[in-house]
Amino acid sequence: MSKESYGRVSKDLEKVIGFIKSDSIDDETKEKITEQTLNYFDNYVSPGWLKYRKSVSTNDAVVEWSDHDAVCEGLYGEKFIDCLGGFGIYTCGHRNTEILETVKAQLEHQALHSQELLDPLRGYLAKAMADITPGDLKYCFFTNGGAEANEMALKLARIATGGKWFLSAIHGFHGKTLGALSVTGKDTYRKPYMPMIQQVLHVQYGKTKAMERSIQNLLSVGESIAGIIVEPIQGEAGVIIPPDGYLQDLRNLADKYGICLIFDEIQTGMGRTGTMWRCEYEGVTPDIMTYGKAFGGGIMPITGLICRPHLWSQELIDNPWLLGSPTFGGNPVCCSAAIATIKYMIDHDIPGMCRKKGEILIDGLKKLAKKYPKIIKEVRGTGLMIGVEFTKNELGYKVSKGLFSRGVMTAGTLVNSKTIRFEPPAVITEKQIETVLSRMEQALEDVSKNMIADFEINEAE
């Protein structure tokens, strides 16, 4: 690029930085930001992104600009009660002041680490994680995204056991990097990248006998197994809760056959389901547990794994970076957010808040399901991890769009809207829950009327 071209880029970015620093933006500037956002997403981010976003949009684009507690606001002041929660990252709310103040304080003296000197917050955070996780889980490895955390978990299981095969669940979701995608159980994500990493077997979720048969089949033909990886509740599959005792059964199988049990608690953990970790619901300790999403308090991106001491082999002690060496993993500013998040969750009983408010929301949604049985097939969930399954995909799309037009943000799974998820922040108020249920009923009523009208038209034809 020429010096003149660099100069133009600098001037363009100066305007953007001005938007960021500004306390108020005039209407002309707002119009330009909206226009440029649409243009740049189509031409520089992904030509398909805006089409994907149509599942919960009206004809007018909403550019998000600010947020607080359980509310997202658009550039023009549009307000949405957030029942999506960033797919689980906002358990403590948007821009939680206690967490944000800690992060700001950390930024005042250091953001990232030197890579050579000792960064103290990583140690403090690892100790806190050992203290709040079940059983003898102890050693931590911090990463940046959920898929990366699961990649490290798979690698650790192989190093620790010497085994090669993994068993995972059909419809499970563990991320989209190649290793994490290999144990993910949705063909939509896998097909473009076939063949995947080999030595992965997918088994029906919630079926202990099917899992044991698969283990026995592999062993009977001389294969070695590294581990089992499952979500304690399947999120992307549509909030699928396994039968009581399933997690304990998996623990028993892992012990019986000498393989690792990995729980992906990236979405279910950090209080979301009514306990700090979903595995605590059955009193089960996995060998490896991954975590993320709400772990950074909705302020900073940080994920990771924690494992039992016997998995940290001499090979890893001799070469601590053998497992991985993410440049930004466990950096001070992200660790400060996670430390503040853990304290906030303990001090304010976030798991208890999720449990109590989840009961209210689930009860209200089930009442609506009884009132509109031709639209809603099932309401399921625990805590504030809730799925509403519709009788048809297009009905879920219409209801979520109706909610969006009424200022309530929800979303389906990444590939359809047959099941839409309600994962609001724990700080959502009971009054806001009442508002959500009222607006949900309005959206359902509109869809119901349209169904009757469509039926009458079809009958007339």
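For clarity, every value in this text was computed on a predicted model and none was experimentally measured.

A look at the sheet that holds strand 15 (residues 419-422)
Spatially, the four strands line up as an open sheet ordered 11-12-15-14, and their pairing is antiparallel. Each end of this open sheet is capped by a strand with a single partner; those strands are strand 11 (376-382) and strand 14 (411-412). Here strand 12 (residues 385-390) pairs with strand 15 via four bridges, running antiparallel. Paired with glutamate 389 across the bridge in strand 15 is threonine 419. Here helix 15 (residues 393-405) sits on the sheet in contact with strand 12 and strand 15, set at roughly 35 degrees to strand 15.

Quick notes on the nonpolar core
The biggest cluster of nonpolar side chains holds 87 residues, and the ones touching the most others in it are Met129, Phe295, Phe390, Phe422 and Met440. The leading source of residues in this core is helix 13 (residues 332-347), at nine residues. Sequence-distant contacts of phenylalanine 390, that is, excluding residues within four places in its chain, are made with Ile375, Ile376, Lys377, Leu395, Gly396, Val399, Ser417, Lys418, Ile420, Met440 and Leu444. Of all hydrophobic cores here, the second largest spans 20 residues; its members include Met152, Leu154, Ala157 and Ile229.

Some points on the packing of helix 6 (residues 120-132) against helix 13
Between two packed helices, both the angle of their axes relative to each other and the distance between the axes serve to describe the pair. The geometry of helix 6 relative to helix 13 is characterised by a closest axis approach of 9 Å and an angle of 30 degrees between their N-to-C directions. Judged by the sense of rotation from one axis to the other, the crossing of helix 6 with helix 13 is left-handed. For the pair formed by helix 6 and helix 13, the contact residues are Leu121, Arg122, Tyr124, Leu125, Ala128, Met129 and Ile132 on the first element and Pro332, Cys335, Ser336, Ala338, Ile339, Ile342 and Ile346 on the second. When the residues that make up the contact of helix 6 with helix 13 are grouped by side-chain class, the tally is twelve nonpolar, one polar and one charged.

Here's the deal with the packing of aromatic side chains
In this structure the tally under the stated criterion is seven aromatic pairs. For the pair tyrosine 40 and tyrosine 44, a centre-to-centre distance of 5.7 Å together with 70 degrees between the ring planes defines the contact as edge-to-face. Taken together, the positions of tyrosine 40 and tyrosine 44, both in helix 2 (residues 27-45) and four residues apart, correspond to about one turn of that helix. Take tyrosine 40: its relative accessible area is 40%, and that puts it in the partly exposed class. Note on tyrosine 44: relative accessible area 66%, which makes it exposed. Between the aromatic rings of phenylalanine 80 and phenylalanine 404, the centroid separation amounts to 4.7 Å while the plane-to-plane angle is 35 degrees, which identifies the pairing as tilted. Pair noted here: phenylalanine 80 is in strand 3 (residues 79-82) and phenylalanine 404 is in helix 15, with a separation of 324 residues, a long-range link. The exposure class assigned to phenylalanine 404 is buried, which follows from its relative accessible area of 11%. Within the aromatic cluster, the residues linked to one another by ring pairs are Phe142, Trp277, Tyr291 and Phe295. Across the ring face of tyrosine 281, the terminal group of arginine 278 is positioned such that the distance to the ring centre comes to 4.0 Å.

What counts and what doesn't
Residues numbered from 1 in each chain as written. Predicted model: local features only at pLDDT ≥ 70, side-chain atom pairs only at ≥ 80, totals over all residues. Heavy atoms only, no water. Pairing = 2+ DSSP bridges. Helix = DSSP H or I, 4+ residues; strand = E, 2+ residues; numbered from the N terminus. Contact = heavy atoms within 4.5 Å. Axes fitted to C-alpha atoms, helices over the stretch in contact; angles between N-to-C directions. Core = buried A, V, L, I, M, F, W, Y, C linked by side-chain atoms within 4.5 Å. Buried < 20%, exposed > 50% of the residue type's maximum accessible area, 1.4 Å probe, protein only. Left-handed = near helix turned anticlockwise from the far one by under 90°. Nonpolar A, V, L, I, M, F, W, Y, C, P; charged D, E, K, R; others polar. Phe/Tyr/Trp six-rings, centres within 6.5 Å; stacked < 30°, edge-to-face > 60°. Lys NZ or Arg CZ within 6 Å of the ring centre and 35° of its normal.

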